[in-house]
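So you can see what is in the structure, the chains are spelled out below.
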Amino acid sequence: MRPAAARRMDGIERTLIRQIFDSAPKDAVNLGLGQPDLPTPESIAAAGIRAIRDGWTAYTSTAGDPELRAAIAARYAPFARGADSVVVTVGTQEAVFASLLVLLDPGDEALVPDPGYPAYATIVRLLGARAVPYRLGAERGFRPDPAEIEARLTARTRVVVLCSPSNPTGAVAGAAELGAIVGLLAERGIAWLSDEIYAAFTYDAPAPSPSTLAPEGGLVISGLSKDLSMTGWRVGWVVGPVDVVRRIVAAHQYLVTCAPSISQRAAVAALGTAGEAARRTHREVFRRRRALMATELARVPGLRFSLPDGAFYFFVGIEGRDDSLALSREILAEANVVTIPGIAFGSNGEGYLRLSYAATEEDIVRGVRGIARVLTKR
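Quick caveat: nothing in here was measured; it's all calculated off a predicted structure.

## Re helix H11 (residues 324–335)
Every α-helical turn comprises 3.6 residues, leaving residues that sit three or four positions apart pointing alike. Taking 1.5 Å per residue, 12 residues should reach 16 Å; H11 reaches 16 Å between its end C-alpha atoms and fits that length. For H11, the set of buried residues is Ser324, Leu325, Leu327, Ser328, Glu330, Ile331, Leu332 and Ala335. Contacts made by the buried residues of H11 are with helix H1 (16–23), strand E10 (313–318), strand E11 (337–338), strand E12 (340–341), strand E13 (352–356) and helix H12 (361–375).

Structure, rendered in structure tokens:
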């Protein structure tokens, strides 16, 4: 007899992001996947190699390498009160899963951004809770509206997921609006979960964090995948109140046991002086790419976009095209360019394409010009 899948997986598929990327020819220009094309900095890679040679190949403690946890805590002080405020996870996605596993019971509600990273809503559903989208509107530059969030809160709301800088829009929430949001959540005893994986990619000013505005009210998750091109090393973390983190450590153990020991040693180097210098270098590369993509997009008629404050995405509105998935597939078939349809990020993303400038300058030019050929062929 064949094993029967649990009903919780009914309708759960890979994200459209992955489906489109996996269907693309190997020679396609990739303006889709959120993966920096730069190599991991040599000093960090060397630390990983050294860890293998020195025998750092056993399990670490469940919460993570103490030296790494202390280094992470130092980045978030005084929000983090030492290493016990930190658990090292297998990337940021596991951090989201383990955190929501601790924060939500079946039947609870979690507010998630729309447009927003699709894993938030899927994880909430897998946990037997209900994902309630809150709208991020173009009229506000895709920044969260405290009134919109307040209108979505109910007696069942247990957590509000925030992401700034945003995937997919690149918008950075301001301190005033974040302060208003975390203030109303504190009044109602509702937690916030702040996804700050793109925090190193801001181009004019740092992204404010709820951790500095309501330090007892929630959890910060982040990692090293984006800012130092370490997607495959799988190092993320959760930072928050010690009693809550302790429960996340327990959930984390049953999910993965511990994060990879070799990667954790490389992460120690990534949080040192050489890593900070590499971050600055990477950010300047992406600043130039952002300017280049903006220049190329400005030449294409019928597009609506603004210069993103952070991350490495443009969220581009397409006039006269209200089926973003069909358009993305058309661009792939006719121009061999990978783009991500806005509908992949929620209903409020319809009519948009997410374009990543985590690509070479040559591919940015080739990709946008390929999109232009498809849009102007009629």
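## Some remarks on the pattern of salt bridges
Think of it this way: side chains of opposite charge can pair up when their charged atoms draw near. For the structure shown, the criterion picks out 23 salt bridges. Residue Asp65 pairs with Arg265 through a salt bridge whose shortest N-O separation is 2.7 Å. On the criterion of sequence distance, the pair formed by Asp65 in the loop between helix H2 (42–53) and helix H3 (66–76) and Arg265 in helix H9 (residues 261–270) is long-range, its members being 200 residues apart. Across the pair, exposure class does not vary: Asp65 and Arg265 are buried alike. Across the salt bridge formed by Glu330 and Lys377, the nearest N and O atoms sit 2.7 Å from each other. Of this pair, Glu330 sits in helix H11 while Lys377 sits in the segment after H12; the two residues are 47 residues apart in sequence, bridging distant segments of the chain. The class for Lys377 is partly exposed, based on a relative accessible area of 40%. Within this structure, Arg75, Asp227, Glu276 and Arg279 form a network of salt bridges that share partners.

## Details of the nonpolar core
Of all hydrophobic cores here, the largest spans 51 residues; its most connected members are Ile72 and Val160. Broken down by element, this core gets its largest block of residues, 5 residues, from helix H7 (residues 175–188). Sequence-distant contacts of Ile72, that is, excluding residues within four places in its chain, are made with Val86, Val88, Trp237, Val239 and Leu271. Core analysis: the next-biggest nonpolar cluster, separate from the first, contains 35 residues, Leu31, Val316, Tyr357 and Ile371 among them.

## Points about the environment of Ile44
Positionally, Ile44 belongs in helix H2. A relative accessible area of 0% places Ile44 in the buried class. Sequence separation between Ile44 and Asn167 is 123 residues, and the spatial gap between their C-alpha atoms is 26 Å. Ignoring anything within four residues of it in the chain, the contact list for Ile44 reads Leu228, Met230, Trp233, Ala266, Ala269 and Ala270.

Conventions used here
Residues numbered from 1 in each chain as written. Predicted model: local features only at pLDDT ≥ 70, side-chain atom pairs only at ≥ 80, totals over all residues. Heavy atoms only, no water. Helix = DSSP H or I, 4+ residues; strand = E, 2+ residues; numbered from the N terminus. Expected span 1.5 Å × (residues − 1). Buried < 20%, exposed > 50% of the residue type's maximum accessible area, 1.4 Å probe, protein only. Contact = heavy atoms within 4.5 Å. Salt bridge = Lys/Arg side-chain N within 4 Å of Asp/Glu carboxyl O. Core = buried A, V, L, I, M, F, W, Y, C linked by side-chain atoms within 4.5 Å.

Geometry only, nothing functional implied.
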